[in-house]
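# Coordinate analysis (summary)
So you can see what is in the structure, the chains are spelled out below.
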Amino acid sequence: MMHAGTDEGLYGLTIHAAAKLLQAGEITATELTQAVLERIYAVDNDVKAYLALTPETALEQAIEADKALAIARAAGELDFLSPLTGVPLAIKDVISVEGVPATAGSRILEGYVPPYQSTAVNKLRAAGAVILGKTNTDEFAMGSSTENSAYFTTHNPWDLERVPGGSSGGSAAAVVAGECLGALGSDTGGSVRQPAALCGIVGIKPTYGRVSRYGLIAYASSLDQIGTFGKDVTDAAILLNGIAGYDRRDSTSVDLPVPDYRAALQPGARQAGHPGKGSLRGLRVGVPKEYFISGMQPEVELAVHQAIGVLGQLGAEVREVSLPHTDLALPVYYMIAPAEASANLARYDGIRYGLSVPAGTLWESYRDTRGRGFGPEVKRRIMLGTYALSAGYYDAYYLKAQQVRTLIKQDFEAALLDVDIIACPTTPTTAFRIGEKVNDPLSMYLSDVFTLSLNLAGMCGLSLPCGFDTAGLPIGLQLMAGAFREETVLRAAYVYEQATDWHKRRPTL
Ligand code: GLN
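Right, let's walk through the structure included here. Since we're looking at a predicted model, the values are computed, not measured.

Reading guide: rules and limits
- Residues numbered from 1 in each chain as written.
- Predicted model: local features only at pLDDT ≥ 70, side-chain atom pairs only at ≥ 80, totals over all residues.
- Heavy atoms only, no water.
- Helix = DSSP H or I, 4+ residues; strand = E, 2+ residues; numbered from the N terminus.
- Rg over C-alpha atoms; globule rule 2.2 N^0.38 Å.
- Buried < 20%, exposed > 50% of the residue type's maximum accessible area, 1.4 Å probe, protein only.
- Contact = heavy atoms within 4.5 Å.
- Areas by Shrake-Rupley, 256 points an atom, 1.4 Å probe, with all protein chains shown as cover.
- Lys, Arg positive; Asp, Glu negative; His and termini not counted.
- Charge placed at Lys NZ, Arg CZ, Asp CG, Glu CD.
- Near = heavy atom within 4 Å.
- Polar contact = N/O pair within 3.5 Å; in protein donor to acceptor, adjacent residues only side chain to side chain.
- Nonpolar A, V, L, I, M, F, W, Y, C, P; charged D, E, K, R; others polar.
- 1 Å grid on protein atoms, 1.4 Å probe; cavity = no way out; pocket = protein on both sides within 12 Å on 5 of 7 lines; lining within 4 Å.
- Points joined across faces, edges and corners; volume = space filled by probe spheres on them.
- Salt bridge = Lys/Arg side-chain N within 4 Å of Asp/Glu carboxyl O.
- Core = buried A, V, L, I, M, F, W, Y, C linked by side-chain atoms within 4.5 Å.
- Expected span 1.5 Å × (residues − 1).
- Arc of directions from axis to C-beta.
- Pairing = 2+ DSSP bridges.
- Axes fitted to C-alpha atoms, helices over the stretch in contact; angles between N-to-C directions.
- Parallel < 35°, antiparallel > 145°, perpendicular 65-115°, else oblique.

Moving on, we get to the overall build of the protein. Within the protein, the secondary structure is distributed over 16 helices and 11 strands. Relative to the globule expectation of 23 Å for 509 residues, the C-alpha radius of gyration of the protein, 22 Å, shows essentially globular dimensions. Each principal axis of the C-alpha distribution contributes one length, and for the protein these read about 65 × 55 × 45 Å. The buried share of the protein, reckoned over its 509 residues, is 61%. Restricting to contacts in the protein with at least 6 residues of sequence separation, those with at least 24 account for 75%. Looking at the protein as shown, the accessible area adds up to about 18800 Å², and 53% of this sits on carbon and sulfur atoms. In the protein, 43 side chains carry a positive charge and 54 a negative one; their mean positions are 3 Å apart.

Before going further, it helps to spend a moment on the site of the ligand. Every one of the 15 residues lining the ligand counts as a neighbour, but Gly189, Ser191, Tyr219, Tyr333 and Asp448 are closest to it. Here Asp448 contributes a side-chain N or O atom positioned 2.5 Å from a nitrogen atom of the ligand. Relative to its free-state accessible area of 290 Å², the ligand is covered by the protein chains to the extent of 100%. A breakdown of the residues in the shell around the ligand according to their chemical character gives 5 nonpolar, 7 polar and 3 charged.

Further remarks concern empty space enclosed by the protein. If you walk through the whole model with that rule in mind, you get 2 cavities of 30 Å³ or more. Taken as a whole, the largest cavity spans an internal volume of roughly 70 Å³. If you trace the largest cavity, you find 14 residues lining it, with Gly143, Gly189, Ser191, Tyr333 and Asp448 closest to the centre. Looking at the lining of the largest cavity residue by residue, the classes come out as 6 nonpolar, 6 polar and 2 charged. Lining the second largest cavity are Leu198, Thr427, Pro428, Thr429, Phe432, Lys437 and Ser447. Among the residues making up the lining of the second largest cavity, the classes are represented as 3 nonpolar, 3 polar and 1 charged.

What follows concerns the pattern of salt bridges. A complete count under the given rule lists 14 salt bridges for this structure. We note a salt bridge from Glu64 to Arg125, for which the minimum N-O separation is 3.2 Å. You can see Glu64 sitting in helix α3 (residues 55-75) and its partner Arg125 sitting in helix α4 (residues 119-126), a full 61 residues away along the chain. Through salt bridges with shared partners, one network takes in Glu377, Arg380 and Arg381.

Leu124, Phe140, Phe412, Leu464, Leu479 and Leu490 are the most contacted members of the largest nonpolar core, which has 156 residues in total. Among the elements that take part in this core, helix α10 (residues 329-344) stands out by supplying 10 residues, more than any other. If we ignore the near neighbours within four places in the chain, the residues touching Phe140 are Ala104, Ser106, Ile108, Leu109, Ile217, Tyr219, Leu345, Tyr348, Phe374 and Val378. Ranked by size, the runner-up nonpolar core spans 6 residues in total, among them Ala197, Ala431, Phe432 and Met444.

The end-to-end C-alpha distance of helix α11 (residues 362-373) is 16 Å, a good match for the 16 Å that 12 residues give at a rise of 1.5 Å each. Among the residues of α11, those classed as buried are Ser365, Thr369 and Gly373. Across the axial projection of α11, the buried residues extend over an arc of 40 degrees, all falling on one side.

A few words on the pairing of strand β4 (residues 182-186). The element β4 is largely enclosed, with a buried count of 5 among its 5 residues. Covered by surrounding structure in β4 are Gly182, Leu184 and Ser186 together with Ala183 and Gly185, the residues of both alternating faces. Here strand β2 (residues 88-92) pairs with β4 via 3 bridges, running parallel. Considered in β4, the bridge of Leu89 is made with Gly182. In terms of strand pairing, β4 meets strand β6 (residues 226-230) through 5 bridges, oriented antiparallel. Within β6, the residue paired with Ala183 across the bridge is Phe229.

With respect to the secondary-structure elements, Asp235 resides in helix α7 (residues 233-243). Look at Asp235: it is buried, it has no salt bridge, and the nearest opposite charge is Lys231 at 5.6 Å. Engagement of the side chain of Asp235 in a polar contact is seen with the backbone nitrogen of Ile15, the distance being 2.6 Å.

Now for the environment of Ala35. You can see Ala35 is positioned in helix α2 (residues 29-47). For the pair Ala35 and Val254, spaced 219 residues apart in sequence, the C-alpha to C-alpha distance is 38 Å.

The contact between α10 and helix α12 (residues 376-389) brings their axes to 7 Å, and the two run at 100 degrees. Taken together, the axes of α10 and α12 are roughly perpendicular relative to one another. Every residue of α12 that contacts α10 at Tyr334, Met335, Pro338, Ala339 and Ser342 is listed here: Arg381, Ile382, Leu384, Gly385, Thr386, Ala388 and Leu389. Taken together, the residues that form the contact of α10 with α12 break down as 8 nonpolar, 3 polar and 1 charged.

As structure tokens, this is what we get:
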């Protein structure tokens, strides 16, 4: 099915373009949902983005959305309708959707059906969005390639021999392959930004506390945050507006008003005295010297430098900054995240959720359930984390890591006194081959060397497309800012995107 503005069919639409057509009555949510489901049936055998599909409920939700659209149109109240009304979305399988199996990519949750729904999905549903299904993830979001899923590996739509990144690789691949219009992921150390970079789309990691974690299957609670994927900055911003906000059911969510992120993209249109559409005049951009490391893929380094050059041409003032504790982010993260994971994953005992292996004694049943239910990476982290938290080692490892975490946060606070945003690569390389790193955890951990710090600091950031390597694989530019400065990064990203064409390219499948 072809439609104005795309040569791909309805599934290729952005959320904002689809919203216009839906509101004008030129397409229906049912047609759009059907077109996306057909696309899934056509390509998901190759991409393998979805763990579970819910086509019947999706079509019911689309019919509901069509009714809401018709009523609003008749009443002249389309302005009050969310741009997400009737828009088909995908949800990472660590985020609970009531009545739909949630596995978190693990065998230990096989058969578990959450009896309640995450706040993020509740909000999307209240906005009229259509939920298509659950996307593949590394087991409990531990990984950078989606190869740690206990079920199967997701393939990168740009080159099916390569990984889509992880852990939210299913969501990122689904967006760029046209298997949904937008998606949710979770980012504990980079799992939204890194797959967004490797798949050539936009991924936002909101400030810790911006989005409720209620109904998000916990990995590392002080780092986890639900984030959004879109084909462009506007779509990712619309989705963030769809899920952000205080929730009394998550005591770490923050009670601050949620800005209109979409309006923030073009403040020039509204504010007198603003430099205006298309200009970054007045924006100070810091480039951390520690983020261009040896061993980086030269094409990534070049593309990111060129992108920073474009920010300068658009009027931004670019200067070097220093984040001196950057090299400690990886060891600190791999102390704190496994420590928190080892505590969070203690609840999978074969009694309360999913898999249960019967055995002679209770202890043997715990042992056999956990032994069979968890994969090797999860076991590695439970062991690491339990060790770091054990008496005698706690001070030397966990406490020390928390102290260094504070230093990393202070690095950001100091740098952000002089600049408004920080620009750097999202990943050191483009998408790697399936199987290339899966048996070498340390080299896999390095994929997130540029994204981990932001979670440790609790601040916000995003990745957006800024080029392609000679193999035709996308490259991501990471923009970061202080806590609750999402509007600043989104606006910079939007102005950059308007001046470039990278976000318009799509893989052929
Ligand atoms: N790759 C990192 C890890 O395995 C980050 C994962 C994430 O953000 N969920 O912990």
